[in-house]
Amino acid sequence: MKIEVWQGDITTLAVDAIVNAANESLLGGGGVDGAIHRAAGPQLLDACRALPEIRPGMRCPTGEVRETPAFDLPAKHVFHTVGPVWQDGLRDEPALLANCYWKSLQLAEKLDLESIAFPAVSCGVFGYPLHQAAHIAATETLTWQRSHHQPRRIILVAYNAATYKAYQSALAALGQPV
Ligand code: AR6
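Residues numbered from 1 in each chain as written. Predicted model: local features only at pLDDT ≥ 70, side-chain atom pairs only at ≥ 80, totals over all residues. Heavy atoms only, no water.

Colleague: Break down the site of the ligand for me, with residues and values.
Modeller: Looking at the ligand, there are 22 residues lining it, with Asn23, Gly30, Val32, Asp33 and Ser122 nearest. At 2.7 Å from an oxygen atom of the ligand is found a side-chain nitrogen or oxygen belonging to Asn23. Between the ligand and Asp33, the relevant distance is 2.7 Å, taken from an oxygen atom to a side-chain nitrogen or oxygen of the residue. In the complex, the protein chains occlude 90% of the 710 Å² of accessible area that the ligand would expose alone. Sorting elements by how many residues they give to the shell around the ligand places helix H1 (residues 31-40) first, with four residues. When the residues that make up the shell around the ligand are grouped by side-chain class, the tally is twelve nonpolar, eight polar and two charged. (Near = heavy atom within 4 Å. Polar contact = N/O pair within 3.5 Å; in protein donor to acceptor, adjacent residues only side chain to side chain. Areas by Shrake-Rupley, 256 points an atom, 1.4 Å probe, with all protein chains shown as cover. Helix = DSSP H or I, 4+ residues; strand = E, 2+ residues; numbered from the N terminus. Nonpolar A, V, L, I, M, F, W, Y, C, P; charged D, E, K, R; others polar.)

Colleague: With reference to specific residues and values, describe the packing of H1 against helix H2 (residues 42-49).
Modeller: One can describe the packing of H1 onto H2 by two numbers: an axis separation of 5 Å at closest approach and a directional angle of 115°. With respect to each other, H1 and H2 are oriented roughly perpendicular. Residues Ile36, His37 and Ala40 of H1 touch H2, and the partners they reach there are Leu44, Leu45 and Cys48. Taken together, the residues of the contact of H1 with H2 sort by class into five nonpolar, one polar and no charged. (Axes fitted to C-alpha atoms, helices over the stretch in contact; angles between N-to-C directions. Parallel < 35°, antiparallel > 145°, perpendicular 65-115°, else oblique. Contact = heavy atoms within 4.5 Å.)

Colleague: Residue-level account of H2, with values.
Modeller: The complete set of buried residues in H2 reads Leu44, Ala47 and Cys48. Along the axis of H2, the buried positions cluster into a sector of 100°, meaning they face one direction only. Residues of H2 that are buried sit in contact with H1, strand S3 (65-69) and strand S4 (77-81). (Buried < 20%, exposed > 50% of the residue type's maximum accessible area, 1.4 Å probe, protein only. Arc of directions from axis to C-beta.)

Colleague: Residue-level account of the nonpolar core, with values.
Modeller: Residues Phe79, Tyr101, Ile116, Phe118, Leu156 and Tyr167 are the most contacted members of the largest nonpolar core, which totals 32 residues. Elements that contribute at least two residues to this core include exactly strand S2 (17-21), helix H3 (93-110), strand S5 (115-118), helix H4 (130-147), strand S6 (153-158) and helix H5 (161-173). Core analysis: the second largest hydrophobic core is formed by 20 residues, Leu13, Ile18, Cys48 and Cys60 among them. (Core = buried A, V, L, I, M, F, W, Y, C linked by side-chain atoms within 4.5 Å.)

Here you go:
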């Protein structure tokens, strides 16, 4: 069993769940969020809007996850998680980012899913330093896989070569054979 690393567009993956790097409103945005909403079609926005607000404008706090169907995507579910905005690393950013991965994996297990694909949450607009984020993604996914049977396939999706390399070296440093 290995954590898979794949370079490309997450919206093309026919997995049980793809994770979206959203913001607390869950009403769309740029980056991977924009790509997922475009590919899923307008029903995705309707489904997000229908999720309960915790307070005005906030449907998902940072570090948590919400599920919707994936509509026109080849995936079955979209897990919307909200990564931390990088400030200085002293505002709980590592724990919040770890929660995005861990809680998504818990939800996948609860829904009895076989496969899940993650983008590099927080590594775009939210400005998280790539190597630190890759270390957290690798730690959370490897720790999960070593102690759980499901989801059987966990894929870290890199949109560019630098992210691909960062994942490979983070996983190797944690003992996953290359
Ligand atoms: N497939 C896979 N990865 C992608 C794709 C794609 N199609 N497109 C971009 N990435 P970002 P964040 C990578 O900015 O930093 C949105 O406006 C990208 O190269 O999408 O968590 C939300 O609404 C980067 O490595 O998410 C929020 O407001 C990674 O996905 C905010 O941005 C994440 O970059 C969230 O910022």
